[in-house]
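One letter stands for each residue in the lines below.
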Amino acid sequence: MSPETIRQELTEWIDANWDPTRSLIDWRNILVDAGWAAPDWPVESFGRGFSAEQMAVVNDVFASKGVVGAAQAGPRRLAAETILAHGNAEQKQRFLRPILTGEHAWCQLFSEPGSGSDLAGASTKAEMIDGKWIVNGQKVWNTSAHHADWGILVARTDWDLPKHQGLSYFLINMRQPGVEARPLKQMNGHASFNEVFMTDAEVAAEDLLGAEGEGWAIATTTLSIERQGFARGRNQKSPREVGDGPIYEEFARELEIANEPYSWYPQREGRVDLIMKRAMVSGAIKDSPVRQEMAKLLSMSRAAQLAAQNAAAKRRSGSNEVVPAGSIGKLGASVIARQAAHVHTMISGADAMLSGPESAEAGLIAETLISVPAISIAGGTDEIQRNIISERVLGMPKEQRMDTGPFRDIKRN
Amino acid sequence: MSEYTEDQEAFREVVAKFLQSRSTTADIRRLMETSEGYDADVWQQLCQEVGLAGTHIPEEYGGFGFGPVELGIAAEEMGRHLYCGPFFSSSVMAGYALLNGASEANKAKLLPELASGSKIATLVLDSVDNPGHVGRQLRVSDDLLDGVAPIVTDAHVADFLVVLATGDDGLGVYLVDPDTDGVKISVQQALDPTRKLSRVSFSGVTSTKIGHMAESALGKTWDQMSVALAHEMIGGAQHLFDSTVEYTKVRVQFGRPIGSFQALKHRCADLLLALEWAKAATQHAAFCLVTGDEPESASMAKAMASDVYMEAARTAIQLRGGIGFTWEEDTHLWFKRAKASEVFLGSPHLHRERLLVHLEEAS
């Protein structure tokens, strides 16, 4: 479909169907049925197989008409795209629609206290007993797990195989007695994450994603989607700016819940956007050493945008060149965030000792200084990204492993 | 946004292929020991077969009529292969100065000679540190030029000198025949032996004024030269990076390739990131010279390319260990070019100051 056709067809469809007095879920079911909830998904999975260019037109029409789209916030996107890539027809039918309508919120259950960077070392156990998977173990860093209806779970199903081969990927119902989510407070005072304890929790046999033992391969799909999100950053518009009506209220509540854990995410990226203004207002811009550090920061930040655009253009042109843009972009985001925190500190001087609403930018600068350490850890540490870049892009040899052979014999925490 | 067209990539191929066979490390080592510093036959081939000397010079003046993007591609390949010759002095520096400052009649007379390679020129600046200092030392009164330019590239082989000097009505462009009485060109000992440097002094030299160089024209010239130099540096940095990564895959210590150690892998990954950024900024700067957007981009490119070339050079030696510090190994050839280019046409800190002035004005 050409951009003009899409614009015309979608506009006509919206004019005929959009009704802000409907409930959010009713409206989204209509969207799903019409194929406008996720037009970039394949035709057989509620979509239309649209390209990024075609999607840009769709998003533009939705935005200009002030129409509420499918649910996108939070970790549900990770679940949806992984199910799209690896689910069977029945799973796609069953799980994707409630993701799009917002009926089901999702969380990610990958990291464990004993396996952080070494995600494949997970020791949460899943055993097939009487036709069901029984899960026992503890997960950590689970955003929004306390609101989630479902979780994407990596658990060990075979302890005699080498570690990467003994994992399986499950879709687990979070609303059951064997699953308990507890908030985890961070050094910046927020509690965006949870610990999740699973005690004889149950997963139906048909909720295994892919085959038994394919958990690691499928998890890498999820992780690469997650890394792309880090490099891209987040920016969602509040529906309250868009329109009035019950559906906007409902949508605003959904976003508020889903986005609450992310309120400090712009701060962990360093708030480069505030640098020039603060330097000018405070007069720090007259200080030569500050100017040098600002120039370094603003150069890096601009170059990172340009490099990301180049990588996207390469992907569009179908180049086979190996560019794990996710890893390079994520490593770059850490470097930029650290430099931004450094420059904000130079601009503040002793005021950097203060925090809270009375401090610079109503506390945002203080929050930046104590949130930046997260960006080089979350979603794969800088060190892991460097391993990925050096091994997969540069083809440098892998380090000798100490974790081959049956998992049960490997040293672990 | 900076994407090359197929034609531009094909142009790169032509230049790269030529330099691969005509600028080998054996050639570089031979030429850097000569007083001329370049191979006249190879230069003529480069001008006549590839037509490179006129890359960015408009067709009306006998050039190819390409712009800063293609010039950047050529410069990048020259940097990668460490080409020894008067291209940067004659085509880039003198060429841009004439294009931005010479009168129409003088452009029509002089540029075709540069574009064809029949003459070699260089740009004589009394400061290659800072555009704000240009014209402080070299002065013209009653058509007589006096003063000293301590660092001039390729003056010893130039057929004519394009000199920026301060006259009665500000900064002017002057044409000087190097054989004129009162011109003294002393070849300096250069840290980078692949780019020859001279001290050029003028004592009551008869010179012809061929144009005016307003402050804005000088700024533009400086930006254009800096972007071309940044491309040259990116090419050199890429060569050092690629060769170093390959070395870590074959060099064995402690029973394993040294590239399997994380200490080295992580350094290479960081360098790749810095290189990708500097490359993106540099390519973008060439596109901005065409469109006139983002005036800060030229200095951004020069500062980032300078820093990444030096980091690549330091890493290239460090990861090779002792062998990297020997004369026999080739890395030092690029290291010295990296160090000289870092400060040529403005150190990184000067360019960072320049780019911040632009960003301040924009906000």
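What counts as what
Residues numbered from 1 in each chain as written. Chains lettered and ligands numbered in written order. Predicted model: local features only at pLDDT ≥ 70, side-chain atom pairs only at ≥ 80, totals over all residues. Heavy atoms only, no water. Helix = DSSP H or I, 4+ residues; strand = E, 2+ residues; numbered from the N terminus. Rg over C-alpha atoms; globule rule 2.2 N^0.38 Å. Contact = heavy atoms within 4.5 Å. Areas by Shrake-Rupley, 256 points an atom, 1.4 Å probe, with all protein chains shown as cover. Lys, Arg positive; Asp, Glu negative; His and termini not counted. Charge placed at Lys NZ, Arg CZ, Asp CG, Glu CD. Buried area = accessible area lost by both parts, 1.4 Å probe. Salt bridge = Lys/Arg side-chain N within 4 Å of Asp/Glu carboxyl O. Polar contact = N/O pair within 3.5 Å; in protein donor to acceptor, adjacent residues only side chain to side chain. Nonpolar A, V, L, I, M, F, W, Y, C, P; charged D, E, K, R; others polar. 1 Å grid on protein atoms, 1.4 Å probe; cavity = no way out; pocket = protein on both sides within 12 Å on 5 of 7 lines; lining within 4 Å. Points joined across faces, edges and corners; volume = space filled by probe spheres on them. Phe/Tyr/Trp six-rings, centres within 6.5 Å; stacked < 30°, edge-to-face > 60°. Buried < 20%, exposed > 50% of the residue type's maximum accessible area, 1.4 Å probe, protein only. Lys NZ or Arg CZ within 6 Å of the ring centre and 35° of its normal. pLDDT = per-residue confidence, 0-100. Pairing = 2+ DSSP bridges. Axes fitted to C-alpha atoms, helices over the stretch in contact; angles between N-to-C directions. Parallel < 35°, antiparallel > 145°, perpendicular 65-115°, else oblique. Left-handed = near helix turned anticlockwise from the far one by under 90°.

(A) Spotlight on the overall build of chain B. Across its full length, chain B carries eleven helices and ten strands. Taking 2.2 N^0.38 as the reference for a compact globule, 363 residues should give roughly 21 Å; the C-alpha atoms of chain B span a radius of gyration of 20 Å, in line with that estimate. Once the C-alpha set of chain B is aligned to its principal axes, its extents read approximately 75 × 50 × 35 Å. For chain B, long-range pairs separated by at least 24 residues make up 76% of all intrachain contacts whose partners lie at least 6 apart in sequence. Surface summary for chain B: the accessible area is close to 14000 Å², and the carbon and sulfur share equals 51%. Separation of charge centres in chain B, based on 31 positive and 50 negative side chains, amounts to 8 Å.

(B) Region of the structure containing the interface of chain A and chain B. Taken together, the contact pairs 37 residues of chain A with 38 residues of chain B. Between chain A and chain B the total buried area reaches about 3300 Å² when both faces are included, carbon and sulfur atoms providing 65% of it. Taken together, chain A and chain B are joined by six salt bridges. Between the two partners, chain A and chain B, sit 14 residue pairs in polar contact (both at pLDDT 80 or more). Of all the secondary structure elements, the ones that give two or more residues to the side of chain A that touches chain B are helix H9 (275-282), helix H10 (288-316), helix H11 (325-348) and helix H13 (382-393) of chain A. Tallying contributions element by element places H10(A) first for the side of chain A that touches chain B, with 16 residues. Across the side of chain A that touches chain B, the residue classes tally to 21 nonpolar, eight polar and eight charged.

(C) Broad picture of empty space enclosed by the protein. Per the counting criterion, the structure on display carries three cavities of 30 Å³ or more. There is about 120 Å³ of room inside the largest cavity. Taken together, 16 residues form the lining of the largest cavity, with B:Tyr83, B:Cys84, B:Gly85, B:Arg195 and B:Arg337 sitting closest to its centre. Within the lining of the largest cavity, the residues separate by chemical class into seven nonpolar, three polar and six charged. Lining the second largest cavity are A:Ser348, A:Asp351, A:Ala352, A:Leu354, A:Ser359, A:Ala360, A:Ile365, A:Ala366 and A:Leu369.

(D) Structural view of the layout of surface pockets. Here the second largest pocket is characterised by a volume of approximately 510 Å³. Of all elements in the fold, only H10 and H11 of chain A together with helix H8 (262-291) and helix H9 (297-320) of chain B reach the threshold of two or more residues within the lining of the second largest pocket. A total of seven residues in the lining of the second largest pocket trace back to one element, the largest contributor, which is H8(B). Classifying every residue of the lining of the second largest pocket by side-chain character gives ten nonpolar, two polar and eight charged.

(E) Structural detail: unusual backbone geometry. Residue and element names in this part refer to chain A. The phi angle at Asp-130 is positive, at roughly 50°, despite the residue not being glycine. Structurally, the position occupied by Asp-130 is in the loop between strand S2 (125-129) and strand S3 (132-140). One non-glycine residue, Ala-362, adopts positive backbone phi at about 55°. Within the element layout of this structure, Ala-362 appears in the loop between H11 and helix H12 (364-369).

(F) Region of the structure containing the packing of aromatic side chains. Residue and element names in this part refer to chain A. Inspection of every chain in the model, using the stated rule, returns 18 aromatic pairs over all chains. Between Trp-141 and Phe-193, the ring centres sit 5.3 Å apart and the planes meet at 85°, which makes this aromatic pair edge-to-face. Within this pair, whereas Trp-141 is found in the loop between S3 and strand S4 (150-156), its partner Phe-193 is found in strand S7 (residues 193-204), the two being separated by 52 residues in sequence. Residue Phe-193 is classed as buried on the basis of its relative accessible area, which comes to 9%. With 5.0 Å between their ring centres and 80° between their planes, Trp-264 and Tyr-265 make a pair best called edge-to-face. Trp-264 sits in the buried class, given a relative accessible area of 2%. In this structure Tyr-265 comes out as buried when scored by relative accessible area, which is 6%. Joined through ring pairs, the aromatic side chains of Trp-13, Trp-18, Trp-27 and Tyr-248 make up one cluster. Above the plane of the ring of Trp-159 lies Lys-125, whose end atom (NZ or CZ) is 5.6 Å from the centre. Here the guanidinium or amino end of Arg-268 rests over the ring plane of Trp-264, the centre of that ring lying 5.8 Å away.

(G) Region of the structure containing the environment of A:Glu383. Note that A:Glu383 resides in helix H13. On the basis of relative accessibility, which here comes to 40%, the residue A:Glu383 falls in the partly exposed class.

(H) Expanded view of the confidence of the model for chain A. When pLDDT is averaged along chain A, the result is 92; 95% of the residues meet or exceed 70. Note that pLDDT drops below 50 for residues 231-236 of chain A; the model gives that stretch eleven contacts with residues more than four away or on any other chain.

(I) Geometry of the pairing of strand S3 (residues 144-153) of chain B. Residue and element names in this part refer to chain B. Pairing between strand S2 (residues 139-141) and S3: three bridges, direction antiparallel. In the sheet register, Arg-139 faces S3, and the bridge partner there is Asp-146. From the end of S2 to the start of S3, which pair antiparallel, there are two residues, and Asp-142 there has a positive phi angle of about 50°. Sheet topology places S3 next to strand S7 (residues 197-206); seven bridges connect them, and they run antiparallel. Looking across to S7, one finds that Ala-149 is bridged to Val-200.

(J) Representation of the pattern of salt bridges within the structure. Residue and element names in this part refer to chain A. Taken as a whole and assessed by the stated rule, the structure comprises 49 salt bridges over all chains. In this structure, Asp-149 and Arg-175 form a salt bridge, with 3.0 Å as the shortest nitrogen-oxygen distance. Of this pair, Asp-149 sits in the loop between S3 and S4 while Arg-175 is found in the loop between strand S5 (167-173) and strand S6 (179-184), placing the two residues 26 residues apart along the sequence. Given the relative accessible area of 15%, Asp-149 is considered buried.

(K) Expanded view of the packing of helix H1 (residues 6-22) of chain B against helix H4 (residues 68-80) of chain B. All names here are of chain B. Where H1 meets H4, the axes come as close as 9 Å, and the angle between the chain directions of the two elements is 30°. The pairing of H1 with H4 is recorded here as roughly parallel in orientation. When you trace H1 past H4, the crossing you get is right-handed. Across the interface between the two elements, Gln-8, Phe-11, Arg-12, Val-15, Ala-16 and Leu-19 of H1 pack against Val-69, Glu-70, Ile-73, Ala-74, Glu-76, Glu-77, Met-78 and Arg-80 of H4. Class assignment for the residues of the contact of H1 with H4 results in eight nonpolar, one polar and five charged.

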